[in-house]
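# A closer look at the structure
Each chain, written out:
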Amino acid sequence: FFFYSGGRLGASLQGPRMASGFGTRAPVGRCFPVYREFAECISEKSGSPSEKAAACAELREDYVECLHHKKEITRLNALSDERARKIKAGEPVPSTLTEDAKSGTFRLPFTNVKS
């Protein structure tokens with residue numbers, strides 16, 4: 001559901017805003033606690049908007065990461081690329097948890113993976 005009140009989108013926003021604190025599968029969205037910390041930081045700081053933003057930059061970065069997972073995805077892609085490079089070069093590669101579970105050397109909790 002999208003609510004549009006007319007006019008330019010985002011034109012009346014002043015400071016950091018979030019659509020709601022409600023999650024799709026839980027009472028609170030997964031990023032809402034991080035957003036609240038960021039919003040509290042901005043509201044507690046005094047000075048110009050750029051000074052507030054600089055003081056709360058780490059919390060903003062955490063909030064954006066929670067929303068988009070860009071750092072996490074970049075890290076996973078780097079690990080995947082390194083694994084593919086090692087396999088192509090014939091270098092030893094540690095087995096994945098899935099491979100270990102299927103071979104029986106590692107048992108995933110609460111699963112029915114057969115060896």
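Summary of the structure given here. (Residues numbered from 1 in each chain as written. Predicted model: local features only at pLDDT ≥ 70, side-chain atom pairs only at ≥ 80, totals over all residues. Heavy atoms only, no water.)

## Notes on the pattern of salt bridges
Rules: By salt bridge we mean one thing: a side-chain nitrogen of Lys or Arg within 4 Å of a carboxyl oxygen of Asp or Glu. Secondary structure follows DSSP: runs of H or I at least 4 residues long count as helices, runs of E at least 2 residues long count as strands, and numbering of each begins at the N terminus. Buried, partly exposed and exposed residues are distinguished by accessible area as a fraction of the type maximum, computed with a 1.4 Å probe on protein chains only: under 20%, between the cut-offs, and over 50%, respectively.
A complete count under the given rule lists five salt bridges for this structure. Close ionic contact of Glu-82 with Arg-85 constitutes a salt bridge, the shortest N to O distance being 2.7 Å. With Glu-82 and Arg-85 both in helix H4 (residues 70-89), this residue pair falls three residues apart, about one helical turn. A residue is classified by how much of its surface remains accessible, and Arg-85, at 40% relative accessible area, is partly exposed.

## A closer look at the environment of Cys-41
Under the convention used in this document: Throughout, a residue-residue contact means that at least one pair of heavy atoms, one from each residue, lies within 4.5 Å.
Relative to the helices and strands, Cys-41 resides in helix H1 (residues 32-44). Look at Cys-41 and you get buried, because its relative accessible area is 10%. Along the backbone, Cys-41 and Ala-57 are 16 residues apart, and their C-alpha atoms lie at a distance of 9.7 Å. Apart from the residues lying within four places of it in its own chain, the contact partners of Cys-41 are Ala-55, Cys-56 and Leu-59.

## What to know about the state of the cysteines
Linking two cysteines covalently via their sulfur atoms produces the bond known as a disulfide. Using the following cut-off: Any pair of cysteine sulfurs within 2.5 Å is marked as a disulfide.
A complete count under the given rule lists two disulfides for this structure. A disulfide bridge connects Cys-31 with Cys-66, and the sulfur atoms are separated by 2.1 Å. Given an S-S torsion of about -95 degrees, the disulfide between Cys-31 and Cys-66 has left-handed geometry. A residue pair is termed long-range when its members are at least 10 positions apart, and Cys-31 in the segment before H1 and Cys-66 in helix H3 (residues 57-68) qualify at 35 residues. Across this residue pair, the class does not change: Cys-31 and Cys-66 are buried. Cysteine pairing in the protein chain follows 1-4, 2-3, where each cysteine in a disulfide is numbered by its order in the sequence.

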